[in-house]
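Structural description and commentary
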Protein chains: 2
Amino acid sequence: MSKSALISYFKSKTAEIGVIGLGYVGLPLVIRFSKEGFKTIGFDIDVEKVKKLNMGETYIKHIDSNEIEIAIKNGFRATTRFSEIANIDAILICVPTPLGVHNEPDLSYIRRTLESIKPYLKENQLLVLESTTYPGTTEEEIVPLIEEVGLKIGSNFFVGYSPEREDPGNKNYTTKTIPKVVSGFTKNCLNLTKSLYDQIVDQTVPVSSPRVAEMTKILENIHRAVNIGLVNELKMVAEKMDIDIYEVINAAATKPFGFTPYYPGPGLGGHCIPIDPFYLTWKAKEVGMNTRFIELAGEINTAMPGYVIQKVGEALNIAGKAIKGSKILILGLSYKKNVDDLRESPSLEIIDVLHEMGANVQFSDPFFDSIPPTRKHSLDLQAKSLTTKTIQSADLVLLATDHDQFDYELIQKKAKLIVDTRGRFKQSPNVIIA
Amino acid sequence: MSKSALISYFKSKTAEIGVIGLGYVGLPLVIRFSKEGFKTIGFDIDVEKVKKLNMGETYIKHIDSNEIEIAIKNGFRATTRFSEIANIDAILICVPTPLGVHNEPDLSYIRRTLESIKPYLKENQLLVLESTTYPGTTEEEIVPLIEEVGLKIGSNFFVGYSPEREDPGNKNYTTKTIPKVVSGFTKNCLNLTKSLYDQIVDQTVPVSSPRVAEMTKILENIHRAVNIGLVNELKMVAEKMDIDIYEVINAAATKPFGFTPYYPGPGLGGHCIPIDPFYLTWKAKEVGMNTRFIELAGEINTAMPGYVIQKVGEALNIAGKAIKGSKILILGLSYKKNVDDLRESPSLEIIDVLHEMGANVQFSDPFFDSIPPTRKHSLDLQAKSLTTKTIQSADLVLLATDHDQFDYELIQKKAKLIVDTRGRFKQSPNVIIA
């Protein structure tokens, strides 16, 4: 009875959904389930986040407070008490999977989550991991723990893996319209996982095992990391050949098959691209394999902030100035345009290094009033608004993130020197493409 | 007057067009110009090709004899006499640009062509190179030769570069519908080149210089070589993790943004992907740069035939057999499916090695009755038709190129052992994915 009962709870939208980890992935998921009429509970260890959510406030700019209020009206509330897991039908884990200092997978968030919920797991629950991770995680980390508790996976408890595909700031696709890959440890697990997500997304994509689903998500991110690494390398080659790489990429993009444009930049940011590929690198060593494309992409992409700083130095040098003592205005803090997401943003590293080298660093970003402290960086800077005066007073303007809100015409007109890492400006005597 | 006169010849389609090199690129170009009403002359050093064409016969399977007959009706003829260049308004060079034995660019076809036509160049001609090559070729190889002759580029003679984008066998795009990148040594050269191609393709894409156009074509091919190298590497990793890479790629392909599927295979073939990227590698050294993605892709893709042979050995070994003395049926000679194109085909290398190792090698390919001699290979084999008997009598069937004409159901049913390099079969006890 258990499996069919759960499926009918899902289909009738009477199942209670618990989402663990209320960040860029978990929060949109909560909102999506709420919109379809599910009662949802959000779990997080961050007391401040939980408070804000319960007051109907957002902490992610591209998610409107209004959406959280609607979710609350539909029964949503946030909590730090994991004992409430006992009342949940479907537990969805959306916690971070960062890298350790030696580029090794850090599964501590997943493991701590599992330890926290372990005492409250019970029969007829579905547990799905959404966090990006290496192939084998679901089978090696989750399955043994469920079995320890004495539950029988596939008959009275169900385990699935369904990778998140969130793309913060993407206006063309939403949680609902992005097809969702689903998998289960057993056939019953797959059926349940699929039937749950079928309620909230337009299309589910069932695959044969959690390891295939885990590898799928990693492949998507490896693909991006490698393609961006490739254009970053070619950007440096093209520059030496006096070729504008952006003109080349845009011309190649007119080929209607066999080519997809990727663009260079000042380095990788976000949770996915710079981090996830190394999960596979680490796991591949277990089977005696190397992932050389991932390592090469990592090496080149990691070197990009240094390349940008080198170009800044060269540009200032032409004007007879050193980095030390120069006023440098950084445009854009986020790791990609039009979002307020700072995770792994190369802007922070560039700011840190220029500051250490003695530059008088300023920044402007419509999404940030100041630089929030992150794990690696803690610079105390207030944002400048992008006025004629701010631009003119800088010895050099460095475009790090090309938010659409910036007034590029004004920048082009007023800046003494521009170092452009996004190809927004045409090459000219005072514009250096980096 | 010269420039505007030439443009009006182009627009009125009264200009006479000479195409040098009548292969996979030149022949479709001749046909395209003929269809638009231009009188065309085809130049080639291959007497046999010229004879065939003048009799209205084709030597490329995906180009119909009928098309050549129509071209002849519209005034087309082929010749080996380069003196006729003197009567031509637009000279389009479509000769091969292979690699030398040390992976260095071999521009000998271009250089010999230039030497052959040099005595016959005259005022008011447009010369366009279509061959894929490294950035700088047009400026460094063609421009000095024209200046030697005493012609003035941009005023009484015009030089352009417009890379071919032919994709033999592609049913969705033709020479006419594929946008064409055009460039010129001067502004007049660009205008003329654009105005010529505007008569025969739906869209031209003007870029600022020949070196940008040269780099564009190389980027398109680097993109493919690297993406295929990446999935080939991941195929080997996935195999060790017991993951079907094809299932993973197809699941990832459901992501509607940020991912484009590329598929692994037994190695690269064709003129573009295995060769062109190394043109940039070679040229980059001149400016002190390395192209590490290209070299890594080259290394991995070149190793794939060896990987396939290893899998063949492992598969036979399970059946207690050695490669030596086993009857191995290779399916598919061409480098890609549904075309009769053997250039750089990994099938040839695989056949050679298996033959040398003592296998009794047979092959089946609807596009070939026997193996034509190529630069590197000269094995005398007649094709087998793909019957139950042929399949059953083989100790192992190796799918090298997945032509749609093969009867996959029959192969699956009758083969003792299958090694599948194209993901056409589901993994099973007698199917090994390689």
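Note that the structure is predicted; figures quoted are calculated from it, not measured. (Residues numbered from 1 in each chain as written. Chains lettered and ligands numbered in written order. Predicted model: local features only at pLDDT ≥ 70, side-chain atom pairs only at ≥ 80, totals over all residues.)

**A short note on the overall build of chain A**
Within chain A, the regular secondary structure consists of 14 helices and 13 strands. On C-alpha atoms alone, chain A measures out to a radius of gyration of 24 Å, which is about the 22 Å that the 2.2 N^0.38 rule sets for 434 residues. Dimensions of chain A, computed from C-alpha atoms along their principal axes, come out at roughly 80 × 50 × 40 Å. Counting across all 434 residues of chain A, residues that qualify as buried make up 53%. Here the analysis covers contacts within chain A between residues at least 6 apart in sequence; of these, 67% occur between residues at least 24 apart. (Helix = DSSP H or I, 4+ residues; strand = E, 2+ residues; numbered from the N terminus. Rg over C-alpha atoms; globule rule 2.2 N^0.38 Å. Buried ≥ 20, exposed ≤ 12 C-beta atoms within 10 Å, placed from the backbone. Contact = placed C-beta atoms within 7 Å.)

**Some points on the relation of the copies chain B and chain A**
Take chain B, turn it by 180 degrees, move it 0.0 Å along the axis, and it overlays chain A with an RMSD of 0.0 Å. Such a turn and shift between the copies fits a two-fold axis. An overlap of 100% is found between the interface residues of chain B and their copies at the interface of chain A, pointing to a shared contact surface. (Least-squares fit on C-alpha atoms with pLDDT ≥ 70 in both.)

**Here's the deal with the environment of asparagine 191 of chain B**
Residues and elements named next belong to chain B. Of note, asparagine 191 is situated in helix H7 (residues 187-197). Classification of asparagine 191 by C-beta neighbours within 10 Å gives partly exposed; the count is 19. Each C-alpha atom of the pair asparagine 191 and phenylalanine 158 lies 9.6 Å from the other, and the pair is 33 residues apart in sequence.

**Digging into the confidence of the model for chain A**
Mean pLDDT over chain A works out to 95, with 99% of the residues at or above the 70 mark. This complex was scored by the predictor with a pTM of 0.94 and an ipTM of 0.94. (pLDDT = per-residue confidence, 0-100.)

**Things to note about the sheet that holds strand S7 (residues 180-184) of chain B**
All names here are of chain B. The strand order S3-S2-S1-S4-S5-S6-S7-S8 describes an open sheet built from eight strands, whose pairing is mixed. Whereas interior strands pair on both sides, the edge strands pair on one side only; in this sheet they are strand S3 (77-79) and strand S8 (204-206). Neighbouring strand axes in the sheet, compared pairwise and without regard to direction, differ in orientation by 25 degrees on average. Judged from the four bridges that link them, strand S1 (residues 16-20) and strand S4 (residues 90-93) form a sheet pairing that is parallel. Within S4, the residue paired with glycine 18 across the bridge is isoleucine 91. Against the sheet, H7 engages S4, strand S5 (126-129), strand S6 (158-161), S7 and S8, with an angle of about 150 degrees to S7. (Pairing = 2+ DSSP bridges. Axes fitted to C-alpha atoms, helices over the stretch in contact; angles between N-to-C directions.)

**Topic: the packing of helix H8 (residues 210-240) of chain A against helix H9 (residues 245-252) of chain B**
Two measures define how a pair of helices packs: the angle their axes make with one another and the distance between the axes. One can describe the packing of H8 of chain A onto H9 of chain B by two numbers: an axis separation of 9 Å at closest approach and a directional angle of 60 degrees. Here H8 of chain A lies oblique to H9 of chain B, going by the angle between them. The crossing of H8 of chain A and H9 of chain B is right-handed. Contact residues: Val212, Met215, Thr216, Leu219 and Glu220 of chain A in H8 of chain A; Glu247, Val248, Ile249, Ala251 and Ala252 of chain B in H9 of chain B. Split into classes, the residues belonging to the contact of H8 of chain A with H9 of chain B amount to seven nonpolar, one polar and two charged. (Parallel < 35°, antiparallel > 145°, perpendicular 65-115°, else oblique. Left-handed = near helix turned anticlockwise from the far one by under 90°. Nonpolar A, V, L, I, M, F, W, Y, C, P; charged D, E, K, R; others polar.)

**Overview of the domain arrangement of chain A**
Residue and element names in this part refer to chain A. According to the domain assignment, chain A consists of domain 1 (2-207) and domain 2 (246-433). Put simply, the middle of domain 1 and the middle of domain 2, counted by C-alpha atoms, are 33 Å apart. Between domain 1 and domain 2, the contact holds 15 residues from the first and 15 residues from the second. (Domains from an automatic or database assignment.)

**A look at the sheet that holds strand S13 (residues 431-433) of chain A**
All names here are of chain A. Sheet architecture is open: five strands sit in the order S10-S9-S11-S12-S13, paired in parallel fashion. With one partner strand each, in any of the chains shown, strand S10 (360-364) and S13 form the two edges of the open sheet. In this sheet, adjacent strand axes meet at a mean angle of 20 degrees when their direction is disregarded. Pairing geometry for strand S12 (residues 418-420) and S13, over three bridges, is parallel. By the bridge assignment for S13, aspartate 420 is matched with isoleucine 433.

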